[in-house]
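Residues per chain, in single letters:
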Amino acid sequence: DPKAHGDVSFKQGMARIHAVLPDNKAVIGVEAFRVVYTRLGMGWLYSFTTVPILKRVAERIYNFWADRRTQLTTGKTLQQAIEQHEKLLKNFEVCSITSSQSSGSDRARERPIRKQRP
């Protein structure tokens, strides 16, 4: 559900890296890396992206990689990977966990799961 994940669809998430912040706002691309590494205490790795010209260079390099990564890592285009994912999802149905099936936590009861169709 994109609403629960910064309004980021599967297709958008596959096209460019996103980081969803605690306020459900999504940051994209190099900014996502900078935010995540900063939160991990390693912000110095992406501190150069605070300089506008270096940020633009980093974004171009990242976008070049992002446009080609599925082709280079799986041999499939981004569109083919998305279509494969959509076909896979058609074989599953969304179920809800009932209280008798849960592990005792309220969160487990509320969370939908996917069950493979026979």
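Calculation notes
- Residues numbered from 1 in each chain as written.
- Predicted model: local features only at pLDDT ≥ 70, side-chain atom pairs only at ≥ 80, totals over all residues.
- Heavy atoms only, no water.
- Helix = DSSP H or I, 4+ residues; strand = E, 2+ residues; numbered from the N terminus.
- Buried < 20%, exposed > 50% of the residue type's maximum accessible area, 1.4 Å probe, protein only.
- Contact = heavy atoms within 4.5 Å.
- Areas by Shrake-Rupley, 256 points an atom, 1.4 Å probe, with all protein chains shown as cover.
- Salt bridge = Lys/Arg side-chain N within 4 Å of Asp/Glu carboxyl O.
- Axes fitted to C-alpha atoms, helices over the stretch in contact; angles between N-to-C directions.
- Parallel < 35°, antiparallel > 145°, perpendicular 65-115°, else oblique.
- Nonpolar A, V, L, I, M, F, W, Y, C, P; charged D, E, K, R; others polar.

Bringing the overall build of the protein chain into the picture now. Assigned secondary structure in the protein chain consists of five helices and four strands. Counted from the first residue to the last, the protein chain has its helices and strands arranged as α-β-β-α-α-α-β-α-β. Out of the 118 residues in the protein chain, the part that is buried amounts to 17%. In the protein chain, once contacts between residues fewer than 6 apart in sequence are set aside, the share between residues at least 24 apart is 29%. Just so you have it, the protein chain exposes about 8,900 Å², and 56% of that area is on carbon and sulfur atoms.

Bringing helix α2 (residues 30–39) into the picture now. Residues V30, A32 and V35 constitute the buried set of α2. For α2, the elements touching its buried residues are β1 (18–20), β2 (26–28) and α3 (52–74).

Here the focus is the pattern of salt bridges. Two side chains carrying opposite charge are able to pair once their charged atoms lie near each other. Scanning the entire structure with this criterion turns up four salt bridges. We note a salt bridge from R34 to E31, for which the minimum N-O separation is 2.6 Å. Of this pair, R34 and E31 both sit in helix α2, three residues apart, roughly one helical turn. By relative accessible area, R34 is classed as partly exposed at 23%. In this structure, K55 and E31 form a salt bridge, with 3.9 Å as the shortest nitrogen-oxygen distance. Of the two residues, K55 is situated in helix α3 and E31 in helix α2; the sequence distance between them amounts to 24 residues. Each of E31, R34 and K55 takes part in a single network of salt bridges with overlapping partners.

Even without being glycine, D7 reaches a positive phi, approximately 60 degrees. With respect to the helices and strands, D7 occurs in the segment before α1 (10–15). Its relative accessible area of 47% is what places D7 among the partly exposed residues. Even without a glycine there, the phi angle at N24 is positive, about 70 degrees.

This paragraph deals with the packing of α2 against α3. For the pair α2 and α3, the least separation of the axes is 9 Å and the interaxial angle reads 110 degrees. Taken as axis vectors, α2 and α3 run roughly perpendicular relative to one another. Residue-level inspection shows V30, E31 and F33 of α2 in contact with α3, the latter providing K55, A58, E59 and Y62. Counted by class, the contact of α2 with α3 contains four nonpolar, no polar and three charged residues.

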